[in-house]
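The residues making up each chain are set out below.
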Amino acid sequence: MSKVMVGMSGGVDSSVAAKLLLDSGYDVTGVTLKLFANEDIRDTETRTCCALSDVEDARAVAYKLGFDHLVFNFKEDFREHVIKNFVDSYLAGFTPNPCIECNRHIKFDKMLRRAQELGFDYIATGHYALREFDSKTGRYTLRRPKDRSKDQTYVLYNLTQYQLERTLFPLAGYEKTQVREIAQASGLINSRKPDSQDICFVPDGKYAEFIKDNINDEIKPGNFVDTNGSVIGTHKGLIYYTVGQRKGLGTAFGKPMFVVDKDKKTNTVVLGSNDELFTRELVADDINMVSVEKPEYGMRVTAKARYNQKDEPAVLYPMDDGTLKVVFDKPQRAVTRGQAVVFYDGDLVIGGGTII
């Protein structure tokens, strides 16, 4: 009987994932990762994952279903690889995706290594994604799940072949409504629990205030400039703005103005019209390929540069310096440095990288 360690956030998805594995004959142990103390976050009332109450919910589900439950303290690793990266990226003028970094460094690295140390064959999570083995290529693949509205492959593109080989995604073939029905029929206390929202360690959404709380230096104001470089106002600090933003600029310009870019070197925020937010090209680095070992020059894919964005036709051009140029067939709005761009062939995840 294969042993599997299931990452349990206290939510309905990971709880049902554990039940499905149990019903399939796996030897299941649940684990909840303690990633921060409640006093480290700004608002404990907002619905988030990884709070103290979530540990109790996960433990209650494990008790109900009859398997062991553990808690691992990964706070130090989470602060180093996720929170510090989040803060440093914003200070550098980027807009990071901490869920991707958490998956990369904590759930599918730190947790997997701990599972192997304890003699488990697999880890599993409640992510909506399909993992398969392609016998023709000899590679593990990642595909979109049955419930496309819950597709989480965008935040999983960084998974390596080693990690995919040892990871299970039990919810791949289920709709979210089915998952809640299974939880309710099984008498799980979290069957109607709302999905987590926002970034777990900034549940009130006040990213700039969180960053200020986690640095020693003061945030310096600078100039708003237009796309020609002319100064048109003063901003209160790069961390308060992200590409595509219109509200909260604090200055009236007589016409709608949007954040088009941020420049750390000059401490300027570039403003422009909505039309100036569109671009056909981007460059990505820190590339991870999933279905193929490396991308071909001129490879046709669909790609998306934001989690909630629809993927659009594009072409990949590997560069000599290891970066990847992505050219879309049609201009894309608000392409943002620090976000991920992920490539697809239908339901198949080709790979992805970080926009620079």
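Up top is the structure these notes are about.
Predicted model, so just to flag it, every value in this text is computed and none were measured. (Residues numbered from 1 in each chain as written. Predicted model: local features only at pLDDT ≥ 70, side-chain atom pairs only at ≥ 80, totals over all residues. Heavy atoms only, no water.)

Chemist: Break down the sheet that holds strand 4 (residues 122-124) for me, with residues and values.
Modeler: If you walk across this open sheet you meet the 5 strands as 3-2-1-4-7, and the pairing is parallel. The open sheet has two free edges, formed respectively by strand 3 (68-73) and strand 7 (167-168), since each of these has just one partner strand. Inspection of the sheet shows strand 2 (residues 27-34) paired to strand 3 by 6 bridges, in the parallel sense. Note on strand 3: the bridge partner recorded for K34 is N73. (Pairing = 2+ DSSP bridges. Helix = DSSP H or I, 4+ residues; strand = E, 2+ residues; numbered from the N terminus.)

Chemist: Help me get a handle on helix 6 (residues 176-185), residues and values and all.
Modeler: An α-helix turns once every 3.6 residues. As a result, residues three or four positions apart point the same way. Taken together, the buried positions of helix 6 are K176, V179, I182 and A183. What you see down the axis of helix 6 is that its buried residues fit within an arc of 120°, all on one side. More than 90 degrees from the buried face of helix 6, the exposed residues found are T177, E181 and A185. Looking at the packing, one finds that the buried side of helix 6 touches helix 1 (12-23). Immediately beyond the C-terminal end of helix 6, within one or two residues, lies G187, with a positive phi of roughly 75°. (Buried < 20%, exposed > 50% of the residue type's maximum accessible area, 1.4 Å probe, protein only. Arc of directions from axis to C-beta. Contact = heavy atoms within 4.5 Å.)

Chemist: Quick rundown of the environment of F67? Include the residues and the values.
Modeler: Note on placement: F67 falls in the loop between helix 2 (52-65) and strand 3. When the C-alpha atoms of F67 and V28 are compared, they prove to be 6.3 Å apart, with 39 residues separating the residues in sequence. Leave out the neighbours within four places in its chain, and F67 touches M8, A18, L22, V28, T29, G30 and A62.

Chemist: An account of the pattern of salt bridges is requested, with residue identities and associated values reported.
Modeler: All told, the structure shown has 21 salt bridges when counted by the stated rule. Here D77 makes a salt bridge to K110, at a shortest N to O gap of 3.7 Å. One end of the pair, D77, is in helix 3 (residues 75-91); the other, K110, is in helix 4 (residues 98-117), with 33 residues separating them in the sequence. In this structure, a network of salt bridges that share partners links the residues D13, K150, K176, R180 and D195. (Salt bridge = Lys/Arg side-chain N within 4 Å of Asp/Glu carboxyl O.)

Chemist: Now, about the environment of V61: what can you tell me, with residues and values included?
Modeler: Residue position: V61 is located in helix 2. A relative accessible area of 1% places V61 in the buried class. Beyond its immediate sequence surroundings of up to four residues, V61 is in contact with M8, S15, L188 and N190.

Chemist: Account for the packing of aromatic side chains, naming residues and giving values.
Modeler: For the structure on display, the rule yields 16 aromatic pairs. Ring centres of Y90 and Y207 lie 6.2 Å apart, and the angle between their planes is 45°; on these two criteria the pair is classed as tilted. One end of the pair, Y90, is in helix 3; the other, Y207, is in helix 7 (residues 207-213), and 117 residues separate them in sequence. Y90 gets classed as buried once you look at its relative accessible area, which sits at 6%. Ring-pair connections join several aromatic residues into one group, and the members of that group are F36, F78, F86, Y90, F201, Y207 and F210. Its end group placed over the ring of Y162, R166 keeps NZ or CZ at 3.7 Å from the ring centre. One residue, R337, lies across the ring of F94, its end atom 5.1 Å from the ring centre. (Phe/Tyr/Trp six-rings, centres within 6.5 Å; stacked < 30°, edge-to-face > 60°. Lys NZ or Arg CZ within 6 Å of the ring centre and 35° of its normal.)

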